[in-house]
Amino acid sequence: MLKNKVKELRARFGYSQETLGKKAGAARQTIAAIEKGNDVPSLLLALHICRAFSLPMEEVFWLEEEIKK
């Protein structure tokens, strides 16, 4: 499962979902869905989000292993 710090970073940078969406080339609704974990961004969108924060990918997104029973 892909996890992220988009909401936390957006608050730290003082960006609204709309502002981050414009910087990353995505709709506000897409940013909201990514923050909630309801959507996984494309690689290109993830890179644009990271660029908006001037951070490397691993500081914004990471994989969380699912435990299989």
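Residues numbered from 1 in each chain as written. Predicted model: local features only at pLDDT ≥ 70, side-chain atom pairs only at ≥ 80, totals over all residues. Heavy atoms only, no water.

The protein chain goes by XRE family transcriptional regulator in an unreviewed UniProt entry, where it is assigned to Bacillus nakamurai.

As a further point, take the UniProt feature "domain: HTH cro/C1-type" (unreviewed entry) in the protein chain. The UniProt record marks residues 6–60 with the feature "domain: HTH cro/C1-type" (unreviewed entry), using the residue numbering of this structure. Secondary structure across residues 6–60 comprises 65% helix and 0% strand; the distance between its end C-alpha atoms is 6 Å. (UniProt positions renumbered as here; feature names shortened; annotations may be inferred. Helix = DSSP H or I, 4+ residues; strand = E, 2+ residues; numbered from the N terminus.)

With that settled, consider the environment of Ser16. For Ser16, the location among the structural elements is in the loop between α1 (6–13) and α2 (17–24). Here the alpha-carbon distance between Ser16 and Arg28, two residues twelve residues apart in the chain, equals 8.6 Å.

Our focus in this paragraph is the side chain of Gln17. Within the fold, Gln17 resides in helix α2. Overall, the relative accessible area of 18% leaves Gln17 in the buried class. Engagement of the side chain of Gln17 in a polar contact is seen with the side chain of Glu35, the distance being 2.9 Å. (Buried < 20%, exposed > 50% of the residue type's maximum accessible area, 1.4 Å probe, protein only. Polar contact = N/O pair within 3.5 Å; in protein donor to acceptor, adjacent residues only side chain to side chain.)

Inspection of every chain in the model, using the stated rule, returns three salt bridges. Where Lys3 meets Glu64, a salt bridge forms, and the shortest distance between an N and an O atom there is 3.9 Å. Highlighted residues: Lys3 in strand β1 (residues 2–4) and Glu64 in the segment after β2 (61–63), separated in sequence by 61 residues. Residue classification places Glu64 among the partly exposed positions, given a relative accessible area of 40%. When the shortest N-O distance is used, the salt bridge between Arg10 and Glu35 registers 2.5 Å. Taken together, the residues span a long stretch of sequence, with Arg10 in helix α1 and Glu35 in helix α3 (residues 28–36) at a distance of 25 residues. (Salt bridge = Lys/Arg side-chain N within 4 Å of Asp/Glu carboxyl O.)

Quick look at unusual backbone geometry now. Among all residues except glycine, the phi angle is most often negative; among peptide bonds, the trans geometry is most common. Non-glycine residue Ser54 carries a positive phi angle of around 55°. Take Ser54: it is sitting in the loop between α4 (43–53) and β2.

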